[in-house]
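# Commentary on secondary and tertiary structure
Residues per chain, in single letters:
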Amino acid sequence: MTLDQPTTERRALITGATAGIGAAFARRLAADGWHLVLVARDAGRLAETAAELTDRHGREAETLAADLSTDDGCATVERRLTEGTPVELLVNNAGISLNTPFLRSSAEEEARLLRLNVHAVMRLTLAGLRPMAERRRGAVINVSSVAGFGAVMPGSTYSASKAWVTNFSESVGQSVRPYGVRVMALCPGYTRTEFHARAGINMSKTPEWMWLRAEDVVDEALRDLRKGKLVSVPAWRYKLAVAGLRHAPRRLLEAVARDTRGRTGRDVG
Ligand SMILES: NC(=O)c1ccc[n+]([C@@H]2O[C@H](COP(=O)([O-])OP(=O)(O)OC[C@H]3O[C@@H](n4cnc5c(N)ncnc54)[C@H](OP(=O)(O)O)[C@@H]3O)[C@@H](O)[C@H]2O)c1
């Protein structure tokens, strides 16, 4: 398996690599000796992140400024995945939520969420997997969410987008196993990053014990990828939550959803 091979030429491409979980992947993989291709929209922040990683770990860090909610942005990253030095690990991490309940949302905003959270993940997985299957080595981590296991955030379309990412990754992951290639959905719970602030979601009432550290999420993800898991849910408290979401009666989940809406005073985006 790619991750275990002590080669100095391993290269990982990470989308959304300048903040949160993506930045934690970049730091961890650079420390482990991987060269990197970093993708995000903000070219200045990308250059700073790349310089910092190269200074600290002596690894190459290419940058690609691309908006993955656009066709052009996806095409730029697809080209990098299919041409040039092979990419052995693809981390489809960039994703957003909205803070507008569906009835008050717009088709444009919903389409932007779907283009980034779903469409880009599909395109880049396809572009990355083909050369991996030919070389019979490589892996894809698609960052999904525990939110994808149930509709417990009334009015949120984010959960639906992540349900797609998890199901897609599990299905494709099974189909590429014979090629020696792995695909895994990473499903974190609440993680301290810029994610909620960017969406304008007030998380001040979320208890401290519910928060994960991005570094811990990444450590567990890489452990699970090595084990060959198709779905990784970091932290025991979230593994239990997912078991509940998968097996609890629908009526109970609806009650939890009503309680969520009651406590937050809004539909969670
Ligand atoms: N934080 C959580 O509680 C949590 C929980 C479960 C799952 N997740 C998932 O984890 C993933 C990473 O989230 P995070 O919390 O680390 O978010 P974050 O801290 O907000 O970082 C988002 C990263 O994605 C990039 N990005 C945003 N929009 C983009 C676009 N249109 N095209 C290309 N890059 C874009 C950002 O850079 P630019 O702005 O420069 O583009 C940034 O590097 C997401 O898929 C999210 O759904 C997060």
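This one's a predicted model, so the numbers in the text were calculated from it and none came from an experiment.

## Examining empty space enclosed by the protein
One pass over the full model with this rule turns up two cavities of 30 Å³ or more. In this structure, the largest cavity occupies an estimated 40 Å³ of space. In terms of lining, the largest cavity is formed by Thr15, Leu68, Asn92, Asn93, Ala94, Leu116, Ala120, Val121 and Leu124. At four residues, the largest contribution of residues to the lining of the largest cavity is made by helix H4 (residues 107-135). Of the residues in the lining of the largest cavity, the class split is six nonpolar, three polar and no charged. Every residue lining the second largest cavity is listed: Leu81, Val87, Gly128, Pro131, Met132 and Arg135. In terms of residues, the lining of the second largest cavity owes the most to one element, H4, which gives four residues. Split by residue class, the lining of the second largest cavity holds four nonpolar, one polar and one charged.

## Here's the deal with helix H2 (residues 43-57)
With 15 residues, H2 extends 21 Å from end C-alpha to end C-alpha; this agrees with the ideal 21 Å at 1.5 Å per step. Buried within H2 are the following residues: Leu46, Thr49, Ala50 and Leu53. Around the axis of H2, the buried residues are gathered within 100 degrees of arc, so they sit on the same side. Of the exposed residues in H2, the ones pointing more than 90 degrees away from its buried face are Glu48, Asp55 and Arg56. Close packing links the buried residues of H2 with helix H1 (20-31), strand S2 (35-40) and strand S3 (61-65). N-cap assignment for H2: the residue whose side-chain oxygen lies 3.1 Å from the backbone N of Gly44 is Asp42. At the C-terminal side of H2, Gly58 shows a positive phi close to 65 degrees.

## Some remarks on the site of the ligand
Neighbouring the ligand are 31 residues; Thr18, Arg41, Asn93, Tyr158 and Thr193 lie closest to it. Asp42 is positioned with one of its backbone polar atoms (N or O) 3.0 Å from an oxygen atom of the ligand. Within the backbone of Glu194, a nitrogen or oxygen atom sits 3.0 Å from an oxygen atom of the ligand. Out of a free accessible area of 890 Å², the ligand has 97% covered by protein chains. Among the secondary structure elements, those contributing two or more residues to the shell around the ligand are H1, helix H5 (158-176) and helix H6 (195-199). For the shell around the ligand, the leading source of residues is H6, giving three residues. Class assignment for the residues of the shell around the ligand results in 13 nonpolar, 12 polar and six charged.

## Considering the side chain of Glu110
Relative to the helices and strands, Glu110 is located in helix H4. Despite its burial, Glu110 remains without a salt bridge, the nearest opposite charge being carried by Arg112 at 9.6 Å. Within the structure, the side chain of Glu110 is placed 2.6 Å from the side chain of Ser105, a separation counted as a polar contact. Here Glu110 is in contact with Leu98, Phe102, Ser105 and Thr157, once residues within four sequence places are set aside.

## What to know about the side chain of Ser144
Here Ser144 lies in the loop between strand S5 (138-143) and H5. Once residues within four sequence positions are removed from consideration, Ser144 is found in contact with Lys162, Val165, Thr166, Leu186, Cys187 and Pro188.

## Regarding the pairing of S3
One ladder, built from five bridges, connects S2 with S3; its direction is parallel. From the neighbouring strand, Leu38 faces S3, where its bridge partner is Thr63. Of the crossover connections in this fold, the one passing from S2 over H2 to the parallel S3 is right-handed.

## Some remarks on the confidence of the model for the protein
On average, the protein scores 93 in pLDDT, and the residues at 70 or more come to 93%. Low pLDDT, under 50, characterises residues 264-269; the stretch is placed with 19 contacts to residues that sit more than four places away or in other chains.

## Let's talk about the pattern of salt bridges
Applying the stated rule across the entire model yields 18 salt bridges. Measuring nitrogen to oxygen at the nearest pair gives 3.5 Å for the salt bridge that ties Lys229 to Asp224. A relative accessible area of 2% means that Asp224 is categorised as buried. Here the salt bridges do not stand alone but share partners, grouping Arg11, Glu60, Glu62 and Arg80 into one network.

## Considerations on the pairing of S2
The side chains of a regular strand alternate between both faces of the sheet. Among the six residues that make up S2, six are buried, leaving the element largely enclosed by the rest of the structure. Of the two faces of S2, the one carrying His35, Val37 and Val39 and the one carrying Leu36, Leu38 and Ala40 are both buried. With respect to chirality, the unit in which strand S1 (residues 11-15) leads through H1 into the neighbouring parallel S2 is right-handed.

Reading guide: rules and limits
Residues numbered from 1 in each chain as written. Predicted model: local features only at pLDDT ≥ 70, side-chain atom pairs only at ≥ 80, totals over all residues. Heavy atoms only, no water. 1 Å grid on protein atoms, 1.4 Å probe; cavity = no way out; pocket = protein on both sides within 12 Å on 5 of 7 lines; lining within 4 Å. Points joined across faces, edges and corners; volume = space filled by probe spheres on them. Helix = DSSP H or I, 4+ residues; strand = E, 2+ residues; numbered from the N terminus. Nonpolar A, V, L, I, M, F, W, Y, C, P; charged D, E, K, R; others polar. Expected span 1.5 Å × (residues − 1). Buried < 20%, exposed > 50% of the residue type's maximum accessible area, 1.4 Å probe, protein only. Arc of directions from axis to C-beta. Contact = heavy atoms within 4.5 Å. Polar contact = N/O pair within 3.5 Å; in protein donor to acceptor, adjacent residues only side chain to side chain. Near = heavy atom within 4 Å. Areas by Shrake-Rupley, 256 points an atom, 1.4 Å probe, with all protein chains shown as cover. Lys, Arg positive; Asp, Glu negative; His and termini not counted. Salt bridge = Lys/Arg side-chain N within 4 Å of Asp/Glu carboxyl O. Pairing = 2+ DSSP bridges. Right-handed = clockwise from strand over helix to strand, strands pointing away. pLDDT = per-residue confidence, 0-100.

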